[in-house]
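Architecture and fold: a report
Take a look at the letters that make up each chain.
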Amino acid sequence: MKKKFLSLVLALVMLLSLVACGNKNEPATDPVDPPPVEDDTPDTPDTPDEPTEVVNYTELPTDDNEVYDMVFGEFYEAYMAAKEEADPAKHLGLMAIAEAKMLEAGVMIPKQANGGTYGLTRVTPYTVSPVLWGQDQYHFEYTIICNEPIKSEDYAEMKKIYGECETDAEYRERLKAFMAENGYTQRDSYMDIGEYRADPETWDILATSKTGDSEFITKTVCNLLQYDGKNVAQPAAAVSWEESADHLKYTFKIREGQVWVDSQGRKVADVVADDWVAGFQHMLDAMGGLEFLVDGIVVGVTEYINGDTTDFSTVGVKALDEYTLEYTLTKPTPYFTTMMNYGLFAPMSRSYFESQGGKFGEDYDPAAETYLYGKDPNHIAYNGAFLMTNYTSKNVMVFQANENFWNYDNMEIHTLTHQYDDGSDPMRSYNAFMAADSLTNAAGLGSSQLEQAKKDTVTIDGVEKTVFDAYQRRSNTDATSFMGFFNLNRKAFANYNDASKCVSTQTPEENQRTHAALLNQHFRMALVTGLDRGMFNAQRNGEELKFSNIINSYTPGDFLKLTEDLTIDINGQSMSFPAGTNYGEIMQAQIDADGFPITVWDPAGNDGAGSSTGFDGWYNLDYANQEMALAVEELAAMGLEISPENPIQIDITYVGNSEVFTNCAHIMEQCWNAVGGGVVKVNLVACANQEEWYDTGYNPATGAEMNFDYTDVSGWGPDYGDPASYLDTLLPDGAGYMAKNFGLF
């Protein structure tokens, strides 16, 4: 059962006020008030407070709950207030305040989003859904791809046409006309190099929250709704839906005539409303990291996953008849339907699941010898656009169109091919894209590819141009946030699944010193603000685009806007924000009020629309040195002496067979070794390949298995249209998926 969050013990707050105070320009206050007591003793003159005893650094907490309370306590208190707020505007404002508190704790380094880089492409813009949340970005059945590389000026014109069209259908019609007029022909195959970098750990979409799994399984499943190129939710497996007047019930009418098939395309069952009931129960049974998204939202979920009841009929998902599905919520949740395109609301054929050894409730046992469901692509049922027809581990995945898919006649793509890429050859996708008769969709132009593209030439309409001048386009950034994480409670010093891989050289004493330092907020902020992220990013994107996809917050600042005016309290001052204000602007107001010299929102960015992306709002070496000096002073008072002769050791894991990753690691080493005059020593722990690196910080299931002091191996993409989709991942006690990245739970 999940432990309810406990406020930090008052005595511990007093002992560790150096952590809780941060850099606020106001005195620290106790987070809890003592209970009132009756006191009939005579008044006595005031006496000076006794000096607060400082805890020795060897006595700092190592219990996950205590570490969480100590580091995330202020964020958690603010976030719970935001979660309980029903008013949409106040809810969004309080979310922004909570995120500001988390960023001020210095627990994560915002790194980069996907996109924002130069590339070459045959894929037309906006024919893959650009929606910022869920998994529709991995649905390629309606993607329009050209046989020819798209010229730079034509790509810009396609984007212009998109902006002029009100609907997705109108855009597609005009896009195809433009292609025909300008000599482009369309293909019905999709081939990439670079998306497939690790084998899926499961083919059960309801039992995983890892992108490395779901980006491929998603192609096999059709959810209730699907977002089109204009970010409008369209009927998919459902033909219609209704919301009750009290906003607590959602009723979906399932499209009749759909069928489940196996990997050979043979029918195994009809698609009915009960498939979503079966899928929801299996998702809760599997506890693969999706269940927390509906914990406290759908009736009965909390009690079921906590084990307070084993009766699934108490959970608010019901098949009212063969083709009518109903969800019942605990409270109005305005973003509920934005969750429908994510894996936790995927259907599952009950009969097929049971035929593969699957059981429900207390009988669910994925370790049973008879349990085959999701073990490979041949042991799932398909209702989506594609069937997996060829899968060779660490080699290739091939999907073919499912002729039984409800919208087969309107599919643009009939073959999907993902070629495995271990990242060791940075020129592979570029060379494949430029090869004669190439089938490759696209190639990113990182630093090495960009250099080559500016040398190679092609002849277009009788004019010789460089590949870069002829075909380059700059991609939009998405809402994925790749972050750097500090391990606040490290327990593993080699990979969890192979103790001979990625081994730390730290002694137990050095690790204890590192643990104490990373629990100090000033120390963390020194490292966060001491990293030159532009120099770091240049190793991947090239000097020209070193800031292009840098992010400055966890939730993108333009993720949502206020839909009505808001007046909210920030540090005792009433502040007003008009409708249309971006989420990031409210975050920035709280950070400014707290006195942190950090910029997470630039109102002039994105051509004046405002942005949290495209600049480095954190790097400040003078501030980093000031923070490190404070950390050294405070830790010395706890008995931890830090100096260039006896520095704090920080292990950073990286992909040793990749030139780009190696260069990035050395940039971090260079930056952090300089902060504070050499009181930090970075140890670069080379992983033999990308797979070993994933095992240090992406594949582990628990915080105890995380093998690093700092890593940027993982990121997060939103599952639905609310900042909670990001911030829920930081909840304690296993409820927050990304909490494990801090070595917790």
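To be clear, the structure that these remarks concern was listed above.
My aim in this report is to walk through the structure given alongside it, one point at a time. This is a predicted model, so every value here is computed, not measured.

**Quick word on the overall build of the chain**
For the chain, the helix and strand inventory stands at 21 helices and 27 strands. For 745 residues, the compact-globule formula gives about 27 Å, and the C-alpha radius of gyration of the chain, at 27 Å, lands near that figure. Dimensions along the principal axes, computed over C-alpha positions, put the chain at roughly 90 × 65 × 55 Å. Considering the chain as a whole, with its 745 residues, one finds that 57% of them fall into the buried category. Restricting to contacts in the chain with at least 6 residues of sequence separation, those with at least 24 account for 71%. When the accessible surface of the chain is summed, it comes to about 29,700 Å², and 48% of that surface belongs to carbon and sulfur atoms.

**As for the environment of methionine 483**
Tracing the chain through its elements places methionine 483 in strand E21 (residues 481–486). In this structure the C-alpha to C-alpha distance between methionine 483 and glutamate 66, which are 417 residues apart in sequence, comes to 23 Å. Beyond its immediate sequence surroundings of up to four residues, methionine 483 is in contact with Met108, Ile109, Pro110, Lys111, Ile551, Ser553, Tyr554, Thr711, Asp712, Ser714 and Gly715.

**Considerations on unusual backbone geometry**
Unlike most non-glycine residues, cysteine 502 shows phi in positive territory, near 55 degrees. For cysteine 502, the position within the fold is in the loop between E21 and helix H14 (508–518). The phi dihedral of asparagine 606 is positive, around 55 degrees, even though this residue is not glycine. Summarising the element assignment, asparagine 606 is placed in the loop between helix H17 (583–593) and helix H18 (621–637).

**A short note on the packing of aromatic side chains**
The tally for this structure, following the rule as stated, stands at 41 aromatic pairs. Note on tyrosine 68 and tyrosine 76: the rings are 6.3 Å apart at their centroids and 80 degrees apart in plane angle, and the pair reads as edge-to-face. The same class applies to tyrosine 68 and to tyrosine 76, which are both buried. By the ring-pair criterion, three or more aromatic residues cluster together here, those being Tyr68, Phe72, Phe75, Tyr76, Tyr79, Phe485, Phe742 and Phe745. We note lysine 230 situated over the ring of tyrosine 162; from NZ or CZ to the ring centre the distance is 3.7 Å. For the cation-ring pair, arginine 350 lies above phenylalanine 360, with the distance from its terminal atom to the ring centre recorded as 5.0 Å.

**Details of the sheet that holds strand E8 (residues 238–243)**
Sheet architecture is open: 4 strands sit in the order E8-E9-E13-E12, paired in antiparallel fashion. Where the open sheet ends on each side, the last strands, each with one partner, are E8 and strand E12 (317–321). Shown here is a sheet whose adjacent strand axes are inclined to one another by a mean of 20 degrees, direction ignored. Pairing analysis gives 4 bridges linking E12 to strand E13 (residues 324–328), with the strands arranged antiparallel. When the sheet's bridge partners are listed, aspartate 321 is paired in E13 with threonine 324. Contacts from helix H8 (residues 274–286) reach strand E9 (249–254), E12 and E13 within the one sheet, and its direction differs from that of E12 by about 165 degrees.

**Some words on the pattern of salt bridges**
Taken as a whole, this structure holds 26 salt bridges when the rule is applied. Residue lysine 394 is joined to glutamate 691 by a salt bridge in which the shortest nitrogen-to-oxygen separation is 3.5 Å. Here lysine 394 is found in the loop between strand E14 (386–392) and strand E15 (396–401), whereas its partner glutamate 691 is found in helix H20 (residues 690–697), with 297 residues between them in sequence. Classification of glutamate 691 by relative accessible area gives partly exposed; the value is 40%. Two residues, glutamate 543 and lysine 546, come together in a salt bridge whose shortest N-O distance is 2.9 Å. Via salt bridges that share partners, Glu74, Lys101 and Asp594 belong to a single interconnected network.

**Looking at helix H4 (residues 88–104)**
For H4, spanning 17 residues, the distance from its first C-alpha to its last is 25 Å, which sits close to the expected 24 Å at 1.5 Å a residue. Across the 17 residues that make up H4, a large majority, 14, are buried. Following H4 by one or two positions, glycine 106 has its phi on the positive side, about 70 degrees.

**Concerning the side chain of glutamine 649**
Position of glutamine 649 among the secondary structure elements: in strand E24 (residues 648–655). Residue classification places glutamine 649 among the buried positions, given a relative accessible area of 10%. Only 2.9 Å separates the side chain of glutamine 649 from the side chain of asparagine 683, close enough to count as a polar contact.

**Some details on the environment of glycine 163**
With respect to the element layout, glycine 163 can be found in helix H5 (residues 152–164). Once the C-alpha coordinates of glycine 163 and lysine 230 are considered, the two residues, 67 residues apart in sequence, prove to be 9.7 Å apart.

**Points about the sheet that holds strand E2 (residues 118–121)**
Pairing is antiparallel in the open sheet, where 3 strands are placed in the order E17-E2-E20. Two strands lie at the open edges of the sheet, namely strand E17 (442–444) and strand E20 (473–474), each paired on one side alone. Pairing between E2 and E17: 3 bridges, direction antiparallel. Its bridge partner lying in E17, glycine 119 is registered against glycine 444.

**As for the nonpolar core**
Core analysis: the largest hydrophobic core is formed by 179 residues, its most contacted members being Phe280 and Trp672. With 10 residues, the single largest contributor to this core is helix H3 (residues 64–84). Leave out the neighbours within four places in its chain, and phenylalanine 280 touches Val294, Val298, Val301, Phe312, Val315, Val317, Tyr327, Leu344 and Phe345. Among the nonpolar cores identified, the runner-up in size contains 16 residues, and Ala443, Val458, Ile460 and Ala470 belong to it.

Reading guide: rules and limits
Sequence order as written defines the numbering, with residues in each chain counted from 1. Restriction of local features to residues with pLDDT of at least 70 applies here, the model being predicted, together with a cutoff of 80 or more for giving and counting side-chain atom pairs; totals for whole chains, interfaces and linings are based on all residues. Processing note: side-chain calculations cover all non-hydrogen atoms of the structure and skip hydrogens and water entirely. Each helix is a run of H or I in the DSSP string that is no shorter than four residues. Each strand is a run of E no shorter than two, and both are numbered from the N terminus. Each radius of gyration reported is based on C-alpha atoms, and the globular scaling rule is 2.2 Å times the count of residues to the power 0.38. For every residue, the accessible area (1.4 Å probe, protein chains only) is compared with the maximum for its type, and the residue is labelled buried under 20%, exposed over 50%, or partly exposed between those bounds. Residues count as neighbours in contact if any of their non-hydrogen atoms are within 4.5 Å of one another. Residue burial considers only the protein chains on display, and all accessible areas are found by Shrake-Rupley using a 1.4 Å probe. Pairing of aromatic rings covers Phe, Tyr and Trp, the last through its six-membered ring, and needs centres within 6.5 Å; plane angles under 30 degrees mean stacked, over 60 mean edge-to-face, and all others mean tilted. Geometrically, a lysine NZ or arginine CZ counts as sitting over a ring once it is within 6 Å of the ring centre and also within 35 degrees of the ring normal. Only strands that DSSP links by at least two bridges are regarded as paired with each other. Simply put, an axis is a line fit to the C-alpha atoms, just over the touching stretch for a helix, and the angle between two N-to-C directions goes from 0 to 180 degrees. A pairing counts as a salt bridge when a side-chain nitrogen of Lys or Arg comes within 4 Å of a carboxyl oxygen of Asp or Glu. A helix is expected to span 1.5 Å multiplied by its residue count minus one. Polar contacts, as counted here, are pairs of nitrogen or oxygen atoms within 3.5 Å of one another; within protein the pair requires one atom able to donate a hydrogen and one able to accept it, and residues that are adjacent in sequence qualify only if both atoms are side-chain atoms. Residues belong to one nonpolar core when they are buried, are Ala, Val, Leu, Ile, Met, Phe, Trp, Tyr or Cys, and are joined through side-chain atoms within 4.5 Å.

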